[in-house]
Amino acid sequence: GIHESTGIRQHARLLTDSWRALRYVVSNPSLRWLAVGVSIGNVGWGIALIVLPVLVLRQGGGSAGVGALLALQGAVTIPAALIAGRYDTEGREPAILATSNAVTAAAMLAWLAPSLAVLAISLVVIGASEGPGNLSLFSLRQRRTHPDWFGRAFAVSMALNFAGAPVGSAIGGPIVSASSTVAVFVAAGFTALSALVVLLKIPKQRRGDS
């Protein structure tokens, strides 16, 4: 009976803390628009993950080719982030993140070319831009969050950031079935929209965040 009641209290406290953290993120201008902007971008990436295998298969590649292309992107992202980490990004995070998304959107449009080589080059470009973009994302989130809220707000903020990916994948299937060309444009469009939201809505300096 003691263990059961303790579990109930802990569960109630978890729900309360989660609700308070969500309210904090929503009321924080930087975290709120970061969640909106990044989530929109992840809708585009969710669609991209559906259309990419289709494009590879059409060019004679297989599942191994898809994996190799995504691995290539990841292999470029890591050193790009390490290099970007050597520079001070304070005050420039929104611009860097927006630029990363804009470059990714432009690189996605290259997928319209019927070439595996072009796909590989575009993913290298996406990986190179994603490194400093991710660095700015995590740096901005930490700078604009009060230390008392680090654990709870980070968890909620990150969950909201990635909420767009499954949505993109869900709508990506029907779009790709209708037209892979349209799917590429829609994926790039969401990514470009993400860049605009991040650049225009996230405060350049910390104000109103607490």
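Below: a short report on this structure. Quick caveat, the model's predicted, so the values are computed rather than measured. (Residues numbered from 1 in each chain as written. Predicted model: local features only at pLDDT ≥ 70, side-chain atom pairs only at ≥ 80, totals over all residues. Heavy atoms only, no water.)

So, about helix 7 (residues 164-178). Between its terminal C-alpha atoms helix 7 stretches 21 Å, which fits the 21 Å expected from 15 residues at 1.5 Å a residue. Along its length, helix 7 shows its largest kink, about 35°, at Gly 172, and proline Pro 174 lies within four residues downstream of that point. Buried within helix 7 are the following residues: Gly 164, Gly 168, Gly 172, Ile 175 and Val 176. Here the buried face of helix 7 lies against helix 2 (29-58), helix 6 (150-161) and helix 8 (180-201). (Helix = DSSP H or I, 4+ residues; strand = E, 2+ residues; numbered from the N terminus. Expected span 1.5 Å × (residues − 1). Bend = angle between axes of the 7 residues up to and from the residue. Buried < 20%, exposed > 50% of the residue type's maximum accessible area, 1.4 Å probe, protein only. Contact = heavy atoms within 4.5 Å.)

The subject of this paragraph is the packing of helix 4 (residues 93-109) against helix 5 (residues 116-143). It is the contact of helix 4 with helix 5, at a shortest axis distance of 8 Å, that shows an interaxial angle of 155°. Judged on the interaxial angle alone, helix 5 and helix 4 are roughly antiparallel. For the pair helix 4 and helix 5, the sense of crossing is left-handed. Between helix 4 and helix 5, the residues in contact are Glu 93, Pro 94, Ile 96, Leu 97, Ser 100, Val 103, Thr 104, Ala 107 and Met 108 and Ser 122, Val 125, Ile 126, Ser 129, Glu 130, Pro 132, Gly 133, Ser 136, Leu 137, Ser 139, Leu 140 and Arg 143, respectively. (Axes fitted to C-alpha atoms, helices over the stretch in contact; angles between N-to-C directions. Parallel < 35°, antiparallel > 145°, perpendicular 65-115°, else oblique. Left-handed = near helix turned anticlockwise from the far one by under 90°.)

Ranked by size, the top nonpolar core spans 22 residues in total, and within it Trp 45, Val 51, Met 108, Trp 111, Leu 119, Leu 123 and Ile 126 carry the most contacts. Of all the elements in the fold, those that place two or more residues in this core are helix 2, helix 3 (63-84), helix 4, helix 5, helix 7 and helix 8. With eight residues, the single largest contributor to this core is helix 2. Once residues within four sequence positions are removed from consideration, Trp 45 is found in contact with Gln 73, Met 108, Trp 111, Leu 123 and Ile 126. Leu 97, Ala 98, Leu 137 and Ala 195 belong to the second largest nonpolar core, which has nine residues in total. (Core = buried A, V, L, I, M, F, W, Y, C linked by side-chain atoms within 4.5 Å.)

Here the focus is the packing of aromatic side chains. Evaluation of the coordinates by the stated rule reveals two aromatic pairs. Look at Tyr 24 and Trp 149: their rings are 4.8 Å apart centre to centre, the planes differ by 5°, and that puts the pair in the stacked class. Residue Tyr 24 is found in helix 1 (residues 2-27), and its partner Trp 149 is found in the loop between helix 5 and helix 6; the two are separated by 125 residues along the sequence. You'll find Tyr 24 and Trp 149 in the same group, each marked buried. Summarising the aromatic geometry, the rings of Phe 150 and Phe 154 are spaced 4.9 Å apart at their centres and angled 20° between planes, so their arrangement reads as stacked. Here Phe 150 pairs with Phe 154, and both are found in helix 6, just four residues apart, close to one helical turn. A relative accessible area of 27% means that Phe 150 is categorised as partly exposed. Arg 152 extends its terminal NZ or CZ atom over the ring of Trp 149, reaching a point 4.3 Å from the ring centre. (Phe/Tyr/Trp six-rings, centres within 6.5 Å; stacked < 30°, edge-to-face > 60°. Lys NZ or Arg CZ within 6 Å of the ring centre and 35° of its normal.)

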